[in-house]
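Survey of secondary and tertiary structure
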Amino acid sequence: MDYIFKNIPAYERANEQLSQVSKKWQAEVDALNNEAQNMYKNYQNEVVFLSKEQKQAKQDAIMQKEKEASELKRKYFGPEGELFKRRTALMNPIQDEVYNAIKDVSDQHGYQLILDRASDTGIIFGSPKIDISDEILKKLGYSY
């Protein structure tokens, strides 16, 4: 499957888009975390000069900033986050197309089982003669 996906330009473009947006979002989360760290450092430097109320206010502000960073991270990278949604939207159509091509080739040749040798540790040997990866790519319109 890795071989097939690496030879589909749309899949590689989708991966690149996901990587770029992930880096952008991570930078936003990092900026909030850095802001919280700076607030804490400033608090440590000023703590001896602050009243009890001022200390509490600064501590609350620091905790709020840390909470913002945590919520933003969850929004972007959580199990139902934006990255997951974007990955699903970009990858599912490609994966469905590949699955349908595999199914068609399987039906055409009368195969009962198709294994992904790269991800199944139970396979000791597989003859290159039975590798249908290039045939799947051809069916998808990519000649290799």
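Residues numbered from 1 in each chain as written. Predicted model: local features only at pLDDT ≥ 70, side-chain atom pairs only at ≥ 80, totals over all residues. Heavy atoms only, no water.

Moving on: the packing of aromatic side chains. Counted under the stated rule, the structure contains four aromatic pairs. Summarising the aromatic geometry, the rings of Tyr76 and Phe77 are spaced 6.3 Å apart at their centres and angled 75° between planes, so their arrangement reads as edge-to-face. Through pairs of rings, three or more aromatic residues link up here, namely Trp25, Tyr76 and Phe77. (Phe/Tyr/Trp six-rings, centres within 6.5 Å; stacked < 30°, edge-to-face > 60°.)

Quick look at the packing of helix H2 (residues 9–46) against helix H4 (residues 82–109) now. Closest axis-to-axis distance for the H2/H4 pair is 10 Å, and the angle between their directions is 175°. Looking at the two axes, H2 sits roughly antiparallel to H4. Of H4, the residues touching H2 (which contributes Ala10, Tyr11, Ala14, Asn15, Gln17, Leu18, Val21, Ser22 and Trp25) are Glu82, Leu83, Arg86, Arg87, Leu90, Met91 and Ile94. For the contact of H2 with H4, the residue count by class is 10 nonpolar, three polar and three charged. (Axes fitted to C-alpha atoms, helices over the stretch in contact; angles between N-to-C directions. Helix = DSSP H or I, 4+ residues; strand = E, 2+ residues; numbered from the N terminus. Parallel < 35°, antiparallel > 145°, perpendicular 65-115°, else oblique. Contact = heavy atoms within 4.5 Å. Nonpolar A, V, L, I, M, F, W, Y, C, P; charged D, E, K, R; others polar.)

This next bit is on the environment of Tyr99. Secondary-structure assignment places Tyr99 in helix H4. Along the backbone, Tyr99 and Ser70 are 29 residues apart, and their C-alpha atoms lie at a distance of 37 Å.

Another point: the pattern of salt bridges. Within this structure, the stated rule accounts for eight salt bridges. A salt bridge links Glu28 to Lys24, with the nearest nitrogen and oxygen atoms 3.7 Å apart. With Glu28 and Lys24 both in helix H2, this residue pair falls four residues apart, about one helical turn. Judged by its relative accessible area of 28%, Glu28 is partly exposed. Asp104 serves as the salt-bridge partner of Lys139, at 3.9 Å between the closest nitrogen and oxygen. Highlighted residues: Lys139 in helix H5 (residues 133–139) and Asp104 in helix H4, separated in sequence by 35 residues. Asp104 gets classed as partly exposed once you look at its relative accessible area, which sits at 38%. Salt bridges sharing partners connect three or more residues here, namely Glu35, Lys65 and Glu68. (Salt bridge = Lys/Arg side-chain N within 4 Å of Asp/Glu carboxyl O. Buried < 20%, exposed > 50% of the residue type's maximum accessible area, 1.4 Å probe, protein only.)

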